[in-house]
Amino acid sequence: MAPADPPIPPAPRTAAPAKRGRVVAALMLCMALAALDSTIIATAVPQIVGDLGGFAVFSWLFSGYLLAVTVTLPVYGKLSDTFGRKPILVTGVIIFLAGSLLCATAWNMASLIAFRILQGLGGGALQGTVQTVAADLYPMKERPKIQAKLSTVWATSSVAGPALGGLLAAYADWRWIFLVNLPVGALALWLVVRHFRESLPARERTRRPRVDWPGALAIFACGGLLLTALVQGGVVWPWLSAPSLLLFAGSAGCATATVLIERRAAEPIIPGWVWRRRTISAVNLALGAVGLLMVAPTVFLPTYAQAVLGLGPIAAGFVLSTMTLSWPVSSALSSHVYNRVGIRACSMIGIGAATLVLLAFPLLPYPGAAWQPALIMFALGAALGIFQLPLIIGVQSSVGFEERGTATASILFCRQVGQCVGAALFGAVANATLNGRLATAPADIRPGLPGDLDSVSHALARAGTLTDRAADYLRRAVDATVDHVYIGAAVAAGLAFLILLLLAPRRFPVHGEPGDASGTPIEETGTPLKETGTPFKETAAASVSEAAAATPSETAPATASETAPATASESAPATASETARGNG
């Protein structure tokens, strides 16, 4: 008979295979909601401002949502490990739908911003928990397929968001942008409640959960202050102004308080093992660097396409969307690469290729044709697809069920923070380059030239306001500005490559799959994977509670802190192969 308390309990299965397709459909709907609302209001801002006013603060419609999603990711990750995935996912959908309904009833810009922040509080639960549930449902061998499906949904929804928002604002009313979430969210909620069945191991159900609420509040405060400083600095106020310095000082103080609180907490929101295990810490840093570089195509490429190439908004969006076409395809095919060469090598190939692709952008001719940057974006999406997905799967497969929510949330959180840092950093690079070009403009065209990137784009969009020579000079200035941003993005990609080379273990540890009674971690060796446990077959138990009753080992506690002191569990990672071969 297997021991009652194995050191690393196997992950319980979370849904019956017969109903797994319906759960996946619910996950896709949740992912579509989170992706749509990050972009759908972009094209409806003129109508919203015309109705509610508040032009000076409308950027907080985006920033507030982003801040709420980012700072709640680690909290929801820990809560999903403590209370289970289903209650957190259901709570997130309800909060998101409540925020959507309130957004549709907003009476001024301040109320709309407040309700968008409420939406973001639900969106954080959707983003992190959906990825975690997908990893719970499928063994490592099948995870690339489900993650590729989710990537496709995210990419499609993100691209369709601005078009859908513009159509609703033009032919209906901007409030329908939020009301359309209600039927989609209600269907997702029904599918989750009706078909997603999970159960924590026996001892988890009997003991009283302990939640580190002081740590959660400290993380909220630290993340909120830091991200506000990054989002608003250099835009609303100068970087060295009193508001920026106070926000950065406040975030530093909150970060210190967070470390002190988390070190003393019985079950911290961000456990120490997140950064002590090389597998997770290296991926956190690498995806943070990728979040930084993603600002170049998503923020600056549309400006380049319209200002330099003279394309309209729809055509400019198509140039960017080619990246979202190749990314899911390469993600789905990445398993064929990392099963042969290993996860780290596969990701290094992807980010190395992405570095070369980003460096190719400044070599494009001026003014060039639209297919040239579109081809570069297609290649970039393919490279990032075989970089990111193996790392996410590697982290999720290196931990057990009781740690997977926290581990998944940590990498998503670092990627979001990287995007905020990238927006601030590359915004400063763009402004410095453009201001330098405008300052050295010929004297006969210098008077009346715009002073920032947005003004340049607007000036070039209005035909007849500039002479041909001035317009050509501005286009060349924008071209040089975006070239410098892409060089900076290539540096970030190179940094991610070095992080994987120097910090990531050569072989990613793989935790025992569901059905493995031993729960012993195995090691990813770069050869085709051989699973140690029974795959999730169609004849498996219909629920986690049935699976838990099948073998004594599956009723073991889900947290290692019950089988060993907290300090020991943090100092000795659950993956023994990582510590044994970490320097390999």
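1. Looking at the packing of helix H14 (residues 295–307) against helix H17 (residues 371–397)
The packing of two helices is summarised by the inter-axis angle and the distance between the axes.
So, point 1. In contact at an axis separation of 12 Å, H14 and H17 are set at 165° when each is read in the N-to-C sense. By the angle between their directions, the pair H14 and H17 is classed as roughly antiparallel. As for the relative orientation of H14 and H17, their crossing is left-handed in sense. In this structure, H14 contributes Pro-297, Leu-301 and Tyr-304 to the contact, and H17 contributes Pro-373, Met-377 and Leu-380.
So, point 2. The residue makeup of the contact of H14 with H17, split by class, is six nonpolar, no polar and no charged.

2. Notes on the nonpolar core
So, point 1. Counting residues in hydrophobic clusters, the biggest one holds 79 residues, and the most contacted among them are Leu-293, Ile-351, Leu-384, Phe-387 and Leu-391.
So, point 2. In terms of residue count, the dominant contributor to this core is helix H20 (residues 468–502) (16 residues).
So, point 3. Ignoring sequence-local partners within four residues, the contact set of Leu-293 consists of Ile-351, Leu-358, Leu-384, Phe-426, Ala-489, Ala-492 and Ala-493.
So, point 4. Val-90, Val-130, Val-133 and Val-192 belong to the second-largest nonpolar core, a separate cluster that totals 30 residues.

3. Structural notes on helix H11 (residues 242–264)
So, point 1. For H11, which comprises 23 residues, the first-to-last C-alpha distance of 33 Å matches the rise-based estimate of 33 Å (1.5 Å per residue) to within 8%.
So, point 2. Every buried residue belonging to H11 is among Ser-244, Leu-247, Ser-251, Thr-258 and Glu-262, and all of these are buried.
So, point 3. Check the buried side of H11 and you find it contacts helix H10 (213–232).

4. As for the confidence of the model for the protein chain
So, point 1. Summing up the model confidence of the protein chain, the mean pLDDT is 77 and the portion of residues at 70 or higher is 79%.
So, point 2. When the elements of the protein chain are averaged for pLDDT, helix H21 (residues 544–550) gives the smallest value, 34, and helix H16 (residues 343–360) the largest, 94.
So, point 3. Predicted confidence for residues 1–18 stays below pLDDT 50, and this span has 59 contacts to residues more than four positions away or in other chains.
So, point 4. A low-confidence stretch, residues 525–584 stays under pLDDT 50, and its non-local contacts, those more than four residues away or across chains, total 123 contacts.

5. Let's talk about unusual backbone geometry
So, point 1. Geometrically, the link from Tyr-366 to Pro-367 is a cis peptide bond, its omega value of -5° lying close to zero.
So, point 2. Positionally, Pro-367 belongs in the loop between H16 and H17.

6. Some remarks on H17
So, point 1. Its 27 residues place the ends of H17 39 Å apart at the C-alpha level, agreeing with the 39 Å of an ideal helix rising 1.5 Å per residue.
So, point 2. Of all 27 residues in H17, 22 are buried; the element is thus mostly enclosed.

7. Looking at the side chain of Thr-406
So, point 1. Mapped onto the secondary structure, Thr-406 falls in helix H18 (residues 401–439).
So, point 2. Once residues lying within four places of it in the same chain are set aside, the contact partners of Thr-406 are Gly-77, Lys-78, Asp-81, Ile-269, Pro-271, Trp-273 and Val-274.

8. Structural notes on the environment of Ile-41
So, point 1. Tracing the backbone through its elements, the reader meets Ile-41 in the loop between helix H1 (17–39) and helix H2 (45–52).
So, point 2. Assessed through its relative accessible area of 1%, Ile-41 is described here as buried.
So, point 3. Taking the C-alpha atoms as reference points, Ile-41 and Phe-62, separated by 21 residues in sequence, lie 8.4 Å from one another.
So, point 4. Once residues lying within four places of it in the same chain are set aside, the contact partners of Ile-41 are Leu-61, Phe-62, Arg-116, Ile-177 and Phe-178.

9. Examining the packing of aromatic side chains
So, point 1. Taken as a whole, this structure holds four aromatic pairs when the rule is applied.
So, point 2. An aromatic cluster is built from Tyr-304, Phe-361 and Tyr-486, whose rings are joined through pairwise contacts.
So, point 3. Positioned above the aromatic ring of Phe-401 is the side chain of Arg-85, whose terminal nitrogen or guanidinium carbon lies 4.0 Å from the ring centre.

Conventions we followed
- Residues numbered from 1 in each chain as written.
- Predicted model: local features only at pLDDT ≥ 70, side-chain atom pairs only at ≥ 80, totals over all residues.
- Heavy atoms only, no water.
- Axes fitted to C-alpha atoms, helices over the stretch in contact; angles between N-to-C directions.
- Helix = DSSP H or I, 4+ residues; strand = E, 2+ residues; numbered from the N terminus.
- Parallel < 35°, antiparallel > 145°, perpendicular 65-115°, else oblique.
- Left-handed = near helix turned anticlockwise from the far one by under 90°.
- Contact = heavy atoms within 4.5 Å.
- Nonpolar A, V, L, I, M, F, W, Y, C, P; charged D, E, K, R; others polar.
- Core = buried A, V, L, I, M, F, W, Y, C linked by side-chain atoms within 4.5 Å.
- Buried < 20%, exposed > 50% of the residue type's maximum accessible area, 1.4 Å probe, protein only.
- Expected span 1.5 Å × (residues − 1).
- pLDDT = per-residue confidence, 0-100.
- Phe/Tyr/Trp six-rings, centres within 6.5 Å; stacked < 30°, edge-to-face > 60°.
- Lys NZ or Arg CZ within 6 Å of the ring centre and 35° of its normal.

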